[in-house]
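# Observations on chain architecture
Single-letter residue listing:
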Amino acid sequence: MRAEIFQDVERCMPEEPYFRQPETQRILLDILFVFCKINLDVGYRQGMHELLAPILWVIEQDAIDADGDDGGQPSEEDSLMKQTLDRAYIEHDAFTLLSLIMRSAKSFYELGEPGRRSSTPSTGSGTPQLGASPIVERSKRIHEVYLAKVDAELAKHLTDIEVLPQIFLM
């Protein structure tokens, strides 16, 4: 499972140097591995790293060294803020936030029934996709039905440049 997760971690946001750092990749891998071991009903699904990556990035950007001496007696609010943003807990905080998000997003990563045909075609060829995941199904419906009604030009443009709906709707 770690090898499967690491394949996605290595490809995560390739244009952003932060995600090329070995320590960042290790944290992403460890968080996703532990999450999947705890949630065996879902396991690992491609795209989970795309939910975790911005969470980790923001927590890292906001983190502070809480053990730094500010020269005086910190107020209760300052002390609480230092504890909340403590750099030592980046991995813990990212795991907790991913877990909370996955409470509602978990169903997007469950596989469809084997052999069940999706209600929307997987490509412009009109060939139905077998066993599509709920996130793929829902994303296609949003793109092909709702976005097409609201902004047909944008929907067509995204189709023309071959951006998959589940990628931009994630």
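In the block above lies the structure referred to throughout.
Residues numbered from 1 in each chain as written. Predicted model: local features only at pLDDT ≥ 70, side-chain atom pairs only at ≥ 80, totals over all residues. Heavy atoms only, no water.

Take the overall build of the chain next. From N to C terminus, the chain includes eight helices and two strands. Of the regular secondary structure in the chain, the N- to C-terminal order runs α-α-α-α-α-β-β-α-α-α. Across the 170 residues of the chain, 34% fall into the buried class. Across the chain, every contact between residues at least 6 apart in sequence was considered, and the portion connecting residues at least 24 apart equals 55%. Of the roughly 10700 Å² of accessible surface on the chain, a fraction of 56% belongs to carbon and sulfur atoms. (Helix = DSSP H or I, 4+ residues; strand = E, 2+ residues; numbered from the N terminus. Buried < 20%, exposed > 50% of the residue type's maximum accessible area, 1.4 Å probe, protein only. Contact = heavy atoms within 4.5 Å. Areas by Shrake-Rupley, 256 points an atom, 1.4 Å probe, with all protein chains shown as cover.)

Let's shift gears to the side chain of Asp 86. Checked against the element boundaries, Asp 86 lands in the loop between helix H4 (76–84) and helix H5 (90–109). Of the side chains with opposite charge, Arg 87 comes closest to the buried, unpaired Asp 86, at an N-O distance of 7.1 Å. In this view, Asp 86 contacts Ile 64 and Ala 66; residues no more than four positions away in its chain are not counted. (Lys, Arg positive; Asp, Glu negative; His and termini not counted. Salt bridge = Lys/Arg side-chain N within 4 Å of Asp/Glu carboxyl O.)

Our next topic: the pattern of salt bridges. In this structure the tally under the stated criterion is nine salt bridges. The salt bridge partner of Arg 2 is Asp 30, with a shortest N-O separation of 2.8 Å. Of this pair, Arg 2 sits in helix H1 (residues 2–11) while Asp 30 sits in helix H2 (residues 22–38), and the two are 28 residues apart along the sequence. Among the residues examined, Arg 2 registers a relative accessible area of 34% and is labelled partly exposed. By relative accessible area, which is 17% here, Asp 30 ends up buried.

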